[in-house]
Amino acid sequence: MILRLSTILAATGLGLLSPPILVGARQLQRSTTLDREKQKLDGEDLSSTIPSNSRVLLHRRKKAQQKKELSRRKLQSSQCKSIIAIDSISEAMSDDGEENDEDFLCELVHGVTLPIQGTKEQISQMRALLHDGTLISNESTLEVLQEVEMIDGMAGDDDDSGEQQPAFSSLMQGSVSLPPGDVNVINSSDGRKLNAGYKVQFEGKSPVLVVKITDRNGLAVEGSATYISDKVFGTSGDDINPAKGFKDCSFGKFELTNEYSVNIDDKLSAPGVLEVDINISFESSSQSAIRSATQQAVETKLGFDLPGPFQQVMFLTENCYGNNCGWAAYAYISGWLSLYKKDNYIKPGVVLHEIGHNMGLAHSGGTDRRTYSDHTGLMGNPLWGDDKGKMCFNAAKNFQLAVGNNAWYNDGPGKIITWDSGEEGGTVLDTKMVGIAEFDKITDNNPVVIKLETGGSLDYFVGFNRATGATSQNRLASDLVTIYEMGNNGLSYSNSFLNAYLAEGESHTISKWRGTKQDLTITVLEINTNTGDAPGYAHVKIVFGDEPTSVPTNLPTAEPTTGPPTTPQPTANPVVSTPPPTANPVEGPFCGDGICDGQESPDDCDADCIIVDFKASNGKSNAKTNGLMFSLDAKEAVTLRSLDVEGKKDGESRVTVYALQGDYEGNEFNEGAWERVFDHSVSLQQNVATNIGQFDKEVAIAAGERISLFVFSKNGLRMSTNTGSLRKAHEDNSLVMYDGLAFKKEFNKVEQNGQWNSAVKYYASSKNKNVEEMRISSMEEEETASVEVEEKRRSSRSRGDDEVVTAVKHHHHTK
């Protein structure tokens with residue numbers, strides 16, 4: 001038997017490497033086992049037919065081919081058309097399972113969107129920028145790096161240059177990465193949108209296209225096009241569906257529709273439903289590849305680019321395979337796309353949740369501070385089921401829709417109130433609230449949402465969670481008063497959190513309101529849902545500080561009327577009451593007496609109130625954790641104002657500080673017993689103590705009393721290990737600090753004992769000579785620390801690390 005090598009090479013597609021060689025069958029059989037193991041090319045074992053000297057030639061050819069392919073790949077710097085933040089809801093959330101934070105996509109040419117990769121610190125920084133309004137999804141952009149395959153000629157658009165261009169197929173795979181260092185978001189300097197092709201719609205008829213996808217293996221979500229149309233739009237009589245949910249919650253101001261400004265009836269398989277095939281597999285393709293292939297298929301079939309005339313487009317996939325598949329659905333924030341796997345599209349609550357993301361609404365957490373554990377509204381844990389969808393958004397999200405987006409509840413008959421209590425105390429808001437579900441029944445301008453203005457970006461929102469009509473399937477706090485907090489002044493994308501829900505006769509207190517020494521208390525005086533045709537109401541009184549002895553009673557009647565009263569009687573308008581002025585006191589505390597009394601602080605009387613840095617005496621941190629819980633005893637009256645945190649690594653981290661009167665023992669895992677006094681994103685330095693800024697609520701400790709603190713940093717902090725909790729760790733003339741417990745998660749998973757080694761800032765009376773001496777010592781220590789940090793800055797200058805200087809400046813400012 002005679003074989004010719006050229007025949008073999010032709011069969012393998014490799015071409016001719018050398019002149020033809022005649023080989024005998026016996027010679028082929030003498031190939032060793034070792035040779036057979038070594039000789040593989042592109043998954044094919046050719047050793048049984050190719051002699052060893054020819055294998056050498058094949059090996060060289062393969063190496064040359066690989067080198068050529070590598071030379072065609074290029075790390076290319078480019079700017080995203082826009083950054084798209086995506087929010088998902090976990091498939092396990094129906095059982096309160098795993099949670100997900102936002103991820104980010106880079107929108108490139110041809111509608112391709114690729115995941116943005118970066119360090120944990122960079123992604124955390126992007127999330128912080130998203131929540132503080134700096135990064136605007138579907139509008140902001142940034143520079144990224146991408147490895148692409150270069151081809152001769154054009155990349156898809158006409159290009160006569162003949163130069164190498166990125167292959168379009170390579171754009172559909174993989175990801176893009178962030179350049180090293182801080183994330184630099186690019187926004188328009190003149191306020192114009194950088195990506196002006198899409199604008200979120202909040203009112204009117206919102207055209208929706210549902211796309212059923214079939215992959216090359218024939219996999220597709222179950223359900224005919226007619227069935228899908230009925231589940232989304234109710235076209236065949238399904239009376240609990242997303243279209244009806246939005247219409248009911250907005251009282252007809254916002255409707256999902258399958259009627260479009262272009263005629264595509266001949267392309268649709270059912271009203272609002274388009275079916276497409278893609279030439280890739282669900283099982284072996286990335287989400288970006290599936291999105292891009294589906295978008296191309298839709299655009300080819302319809303003859304125009306997406307989103308085109310559609311406000312929302314829903315992609316339905318059979319399933320997700322591989323890693324990162326714990327989601328049930330996800331959506332572009334302030335964008336047009338949402339994607340659902342398996343049968344999650346038939347669950348109205350899930351679709352309402354995802355389109356809520358399209359409208360710029362963030363998640364809502366519960367009292368446990370988890371990402372979407374709020375069961376009172378759609379942006380928390382929504383309703384899971386085909387026949388469950390009668391739920392709307394919570395009070396914080398309703399404020400965003402009405403005031404931030406000028407929609408739904410912005411023009412009555414109910415009212416959206418922003419109440420500014422002032423900072424003097426003695427102010428009262430007394431009113432009757434009506435639930436969103438009965439918004440259309442209001443005749444007397446009752447408030448449906450009350451925003452409690454804090455003077456900062458994090459505000460509180462009060463609502464009455466009426467269980468009727470559009471909200472009759474509430475899962476939590478039905479017919480109770482609910483209180484939430486939300487950042488960005490409630491006007492734009494920001495997570496909200498449920499703080500409390502109150503029944504008749506119950507109260508909720510927020511201590512040291514607006515940084516003062518006085519508390520704000522929300523009390524439910526009455527809840528009445530047996531009102532006939534009139535809306536049910538919750539009679540709520542909100543008091544800041546001491547309530548005046550005589551308060552005007554300005555309340556709506558139980559059955560609101562539209563006619564003007566002929567005799568004095570209650571109205572719906574809430575009134576802020578202030579105590580009458582009094583004569584100047586003849587005696588009492590005054591600035592300059594050396595006593596830092598309850599009405600003074602370093603901001604208004606630094607002669608009496610001296611700030612002290614209470615620092616660890618042993619200094620060095622030798623362990624890492626995420627949170628530390630510890631106690632402090634006061635030898636004299638002091639007020640805690642701030643503290644330093646030593647980062648586990650460089651970068652932005654969410655830092656939360658909780659306070660508890662007394663010892664923490666017995667409340668280690670009871671978050672409800674603690675009060676959150678600080679919750680912000682902070683730029684931390686690895687192994688460098690950074691001041692986090694002033695607490696939102698200062699913590700006063702009376703002489704002889706104990707207070708406990710729990711400091712938690714999402715990206716970790718440094719501490720010292722110790723021998724046991726409640727062992728005295730540090731002491732000065734005003735405070736005693738004890739060792740504590742290190743936590744892996746907030747109020748969950750104690751890792752070990754730990755010791756706080758960074759400074760705790762407090763202020764006390766200046767007449768105490770020891771306090772003054774500590775203040776001077778603290779200033780000297782701070783100057784020494786500044787010199788040490790400056791040395792670190794100089795040593796790291798080659799890395800471009802100037803954040804240390806920023807930390808020192810922040811530290812000085814806080815003092």
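The preceding data block contains the structure.
In this text, all values refer to a predicted model and were calculated from it rather than measured experimentally.

Caption draft 1: The arrangement of the sheet that holds strand E18 (residues 427-433) in detail. The four strands are arranged E18-E25-E24-E23 in an open sheet whose pairing can be described as antiparallel. At either end of the open sheet lies a strand with only one pairing partner, and these are E18 and strand E23 (507-510). Ignoring which end each strand starts from, the neighbouring axes of this sheet average 15 degrees apart. Two elements, strand E24 (residues 520-528) and strand E25 (residues 537-544), share eight bridges in a ladder whose sense is antiparallel. When the bridges of E25 are listed, threonine 521 appears paired with valine 543.

Caption draft 2: Up close: helix H9 (residues 287-302). Between the first and last C-alpha of H9 there are 22 Å, a value that for 16 residues agrees with the 22 Å anticipated at 1.5 Å per step. One or two residues past the end of H9 sits glycine 303, with phi positive at roughly 85 degrees.

Caption draft 3: Fine view of helix H11 (residues 395-404). Of all 10 residues that make up H11, eight are buried, and the element is covered over most of its length. Of the residues that open H11, the one with a side-chain oxygen 3.0 Å from the backbone nitrogen of alanine 396 is asparagine 394. Count one or two residues on from H11 and you reach asparagine 406, which has phi positive near 55 degrees.

Caption draft 4: Here's a closer look at the pattern of salt bridges. With the rule as written, the count across this model stands at 30 salt bridges. Note that lysine 347 is salt-bridged to aspartate 343, the shortest N-O span being 3.9 Å. Given the relative accessible area of 40%, aspartate 343 is considered partly exposed. One salt bridge connects arginine 676 with glutamate 485, and the closest N-O pair in it is separated by 2.1 Å. Residue arginine 676 is found in strand E30 (residues 675-684), and its partner glutamate 485 is found in strand E21 (residues 481-486); the two are separated by 191 residues along the sequence. A single salt-bridge network, built from bridges that share partners, covers Arg369, Glu485, Arg654, Arg676 and Asp679.

Caption draft 5: Seen up close, the nonpolar core. If you look at the biggest cluster of nonpolar residues, it comprises 90 residues, and the most contacted ones within it are Leu209, Val210, Phe246, Tyr340, Met359 and Trp408. Looking at which element gives the most residues to this core, the answer is H9, with six residues. With sequence-adjacent residues up to four places away left out, tyrosine 340 is seen in contact with Met314, Phe315, Leu316, Thr317, Ala328, Ala329, Tyr345, Val350, Val351, Glu354 and Ile355. By size, the runner-up hydrophobic cluster in this structure holds 35 residues, among which are Leu628, Phe695, Met737 and Val760.

Caption draft 6: Expanded view of the sheet that holds strand E22 (residues 496-502). Strands sit in the order E16-E22-E21-E20-E19-E17 across an open sheet of six strands; the sheet is mixed. Here the strands that pair on one side only, and so sit at the sheet edges, are strand E16 (364-365) and strand E17 (415-420). Taken together, the six bridges between strand E20 (residues 459-464) and E21 define a ladder with antiparallel strand orientation. Bridged to aspartate 459 within E21 is methionine 486.

Caption draft 7: Quick peek at empty space enclosed by the protein. Under the defined criterion, the tally for this structure stands at three cavities of 30 Å³ or more. In this model, the largest cavity occupies a volume close to 150 Å³. Forming the boundary of the largest cavity are 19 residues, of which Phe393, Asn398, Ile436, Phe464 and Asn465 lie nearest the centre. Broken down by secondary-structure element, the contributors of at least two residues to the lining of the largest cavity are H11, strand E19 (447-453), E20 and E21.

Caption draft 8: Expanded view of the packing of aromatic side chains. Taken as a whole and assessed by the stated rule, the structure comprises 23 aromatic pairs. Between phenylalanine 630 and tryptophan 756 the ring centres are 5.5 Å apart and the planes differ by 20 degrees, which places this aromatic pair in the stacked class. Taken as a pair, phenylalanine 630 in strand E27 (residues 623-634) and tryptophan 756 in the loop between strand E37 (748-754) and strand E38 (760-765) lie far apart in primary sequence, 126 residues in all. Each member of the pair, phenylalanine 630 as well as tryptophan 756, carries the same accessibility label: buried. An aromatic cluster is built from Phe246, Phe251, Phe254, Phe393, Trp408, Tyr409 and Phe439, whose rings are joined through pairwise contacts. When the ring centre of tryptophan 327 is taken as reference, the NZ or CZ atom of lysine 341 above it lies at 5.3 Å. Its guanidinium or amino end placed over the ring of tyrosine 738, arginine 706 lies 4.8 Å from that ring's centre, counting from NZ or CZ.

Reading the values: rules and limits
One numbering rule holds for all chains: residues counted from 1, following each sequence as written. At least 70 in pLDDT is required for a residue's local features to be given in this predicted model, at least 80 for side-chain atom pairs to be given and counted, and no such filter applies to totals for whole chains, interfaces and linings, which use all residues. Heavy atoms from the whole structure form the basis of all side-chain values; hydrogens and water molecules are not counted. Paired strands, in this sense, are two strands between which DSSP finds at least two bridges. The secondary structure listing takes helices from DSSP runs of H or I that are at least 4 residues long and strands from runs of E that are at least 2 residues long, numbered from the N terminus. Axes here refer to lines fitted to C-alpha atoms; in helices the fit is confined to the stretch in contact. Angles between the N-to-C directions go from 0 to 180 degrees. Given a helix with a known number of residues, its expected span is that number minus one, times 1.5 Å. Burial here depends on accessible area, computed with a 1.4 Å probe over protein chains only, as a share of the maximum for the residue type. Under 20% is buried, over 50% is exposed, and the range in between is partly exposed. Here a polar contact means two N or O atoms within 3.5 Å. Within protein one must be a hydrogen donor candidate and the other an acceptor candidate, and residues neighboring in sequence count only if both atoms are side-chain atoms. By salt bridge we mean one thing: a side-chain nitrogen of Lys or Arg within 4 Å of a carboxyl oxygen of Asp or Glu. The set of buried Ala, Val, Leu, Ile, Met, Phe, Trp, Tyr and Cys residues whose side-chain atoms join them within 4.5 Å is what this entry labels a nonpolar core. The contact definition used throughout considers only heavy atoms, calling two residues in contact when any of these lie within 4.5 Å. Throughout, the protein atoms alone are placed on a 1 Å grid, and a set of points is a cavity if a 1.4 Å probe fits but cannot get out or a pocket if it is open with protein on both sides within 12 Å along at least five of seven lines; lining residues have an atom within 4 Å of a point. Grid points are joined across faces, edges and corners, and a volume is the space filled by probe spheres set on the points. Under the pairing criterion, centres of Phe, Tyr and Trp rings, with the six-membered ring standing for Trp, must be within 6.5 Å; the plane angle then separates stacked pairs below 30 degrees from edge-to-face pairs above 60, leaving the rest tilted. Ring-over charges, as used throughout, are those where CZ of Arg or NZ of Lys falls within 6 Å of the ring centre and within 35 degrees of the ring normal.

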